[in-house]
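# Geometric and topological summary
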Amino acid sequence: TTTLMSGCEADDVMGIYATRYPLVSVVVSPDKDLRSIPCDLYNPFTKELRQVSHDDADRWHIYQTLIGDTTDGYPGCPGVGPVRAEKLMAGVPTPKLWAEVVLPAYAKAGKTKADALKMARVARILRADEYDVTGSKPLLWNPPE
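Right, let's walk through the structure included here.

Quick look at the overall build of the protein chain now. Within the protein chain, the regular secondary structure consists of five helices and five strands. In sequence order, the secondary structure elements of the protein chain are arranged as α-β-β-β-α-α-α-α-β-β. Here the C-alpha atoms of the protein chain give a radius of gyration of 15 Å, agreeing with the 15 Å that 2.2 N^0.38 yields for 145 residues. In terms of overall dimensions, the protein chain has a C-alpha envelope of 45 × 35 × 25 Å along the principal axes. For the protein chain, with 145 residues in total, the buried portion stands at 41%. Taking the intrachain contacts of the protein chain between residues at least 6 apart in sequence as the baseline, contacts between residues at least 24 apart amount to 44%.

Strands sit in the order 1-2-3 across an open sheet of three strands; the sheet is mixed. The open sheet has two free edges, formed respectively by strand 1 (27–28) and strand 3 (48–51), since each of these has just one partner strand. Strand direction decides the pairing type here: strand 2 (residues 40–43) and strand 3, joined by four bridges, are antiparallel. Counterpart to leucine 41 in the pairing with strand 3 is arginine 50.

Grouped together as the largest cluster of nonpolar side chains are 23 residues, with contacts concentrated most on Ile62, Leu66, Met89, Trp98, Val102 and Tyr106. Listed by contribution, the elements that provide at least two residues to this core are helix 2 (54–67), helix 3 (82–89), helix 4 (97–108) and helix 5 (113–123). Ranked by residues supplied to this core, first place goes to helix 4 with six residues. Listed in part, the nine residues of the second largest apolar core include Leu34, Ile37, Leu41 and Ile125.

Here the structure, examined in full by the defined rule, presents five salt bridges. Ionic pairing is found between glutamate 48 and arginine 50, a salt bridge with its closest N-O pair at 3.5 Å. Residue arginine 50 is classed as partly exposed on the basis of its relative accessible area, which comes to 29%. The partner of aspartate 58 in a salt bridge is arginine 127, with the nearest N and O atoms 2.8 Å apart.

Interhelical geometry of helix 4 versus helix 5 gives an angle of 115° and a closest axis separation of 9 Å. As judged from the angle between their axes, helix 4 and helix 5 are roughly perpendicular. Crossing handedness for the pair helix 4 and helix 5: right-handed. In this structure, helix 4 uses Trp98, Val102, Leu103 and Tyr106 to contact helix 5, whose residues at the interface are Lys113, Asp115, Ala116, Leu117, Met119 and Ala120. Split into classes, the residues belonging to the contact of helix 4 with helix 5 amount to eight nonpolar, no polar and two charged.

Before going further, it helps to spend a moment on the packing of aromatic side chains. Applying the stated criterion to the full structure yields three aromatic pairs. When the ring of tyrosine 17 is compared with that of tyrosine 21, the centres are 5.7 Å apart and the planes differ by 45°; the resulting orientation is tilted. Ring geometry for tryptophan 98 against tryptophan 141: centres 5.5 Å apart, planes inclined by 70°, an arrangement best described as edge-to-face. Here tryptophan 141 lies in the segment after strand 5 (137–138) and tryptophan 98 lies in helix 4, a separation of 43 residues in the sequence. With respect to class, tryptophan 98 is no different from tryptophan 141; both count as buried. Sitting above the plane of the tryptophan 60 ring, arginine 35 keeps its charged end 4.5 Å from the centroid.

Conventions and cut-offs
Residues numbered from 1 in each chain as written. Predicted model: local features only at pLDDT ≥ 70, side-chain atom pairs only at ≥ 80, totals over all residues. Heavy atoms only, no water. Helix = DSSP H or I, 4+ residues; strand = E, 2+ residues; numbered from the N terminus. Rg over C-alpha atoms; globule rule 2.2 N^0.38 Å. Buried < 20%, exposed > 50% of the residue type's maximum accessible area, 1.4 Å probe, protein only. Contact = heavy atoms within 4.5 Å. Pairing = 2+ DSSP bridges. Core = buried A, V, L, I, M, F, W, Y, C linked by side-chain atoms within 4.5 Å. Salt bridge = Lys/Arg side-chain N within 4 Å of Asp/Glu carboxyl O. Axes fitted to C-alpha atoms, helices over the stretch in contact; angles between N-to-C directions. Parallel < 35°, antiparallel > 145°, perpendicular 65-115°, else oblique. Left-handed = near helix turned anticlockwise from the far one by under 90°. Nonpolar A, V, L, I, M, F, W, Y, C, P; charged D, E, K, R; others polar. Phe/Tyr/Trp six-rings, centres within 6.5 Å; stacked < 30°, edge-to-face > 60°. Lys NZ or Arg CZ within 6 Å of the ring centre and 35° of its normal.

Below is the structure:
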């Protein structure tokens with residue numbers, strides 16, 4: 001079966017389906033980006049099945065927002081690589097990561113809130129509640145208030 005959803009990449013379609021039908025879905029991919037989907041995730045190369053919680057998925061999304069992804073063509077926050085991102089995020093509750101980690105890191109790099117939001121939206125893999133089925137369009141991610 002093939003599914004096309006207007007305005008979505010394949011990763012987004014997997015994210016939408018996995019979160020719409022969590023009891024019958026397993027995402028199969030070696031792509032680390034898919035750790036930002038709360039789902040059962042199977043890596044066919046390592047034969048590892050992991051259950052990605054909502055909290056882990058949200059943290060991975062913020063991590064990707066900070067470090068970027070050259071393969072997917074977005075730079076993330078200048079001066080923040082994997083080690084720095086982990087240090088910045090350590091001990092910060094997930095709901096506070098945007099305000100206490102992302103915004104200050106981007107500001108320190110001379111970037112704006114709009115720059116950070118753009119990177120977060122590019123890094124985001126859509127979930128079921130982030131796609132308007134009636135209008136056939138993705139809904140842009142917004143940070144927690």
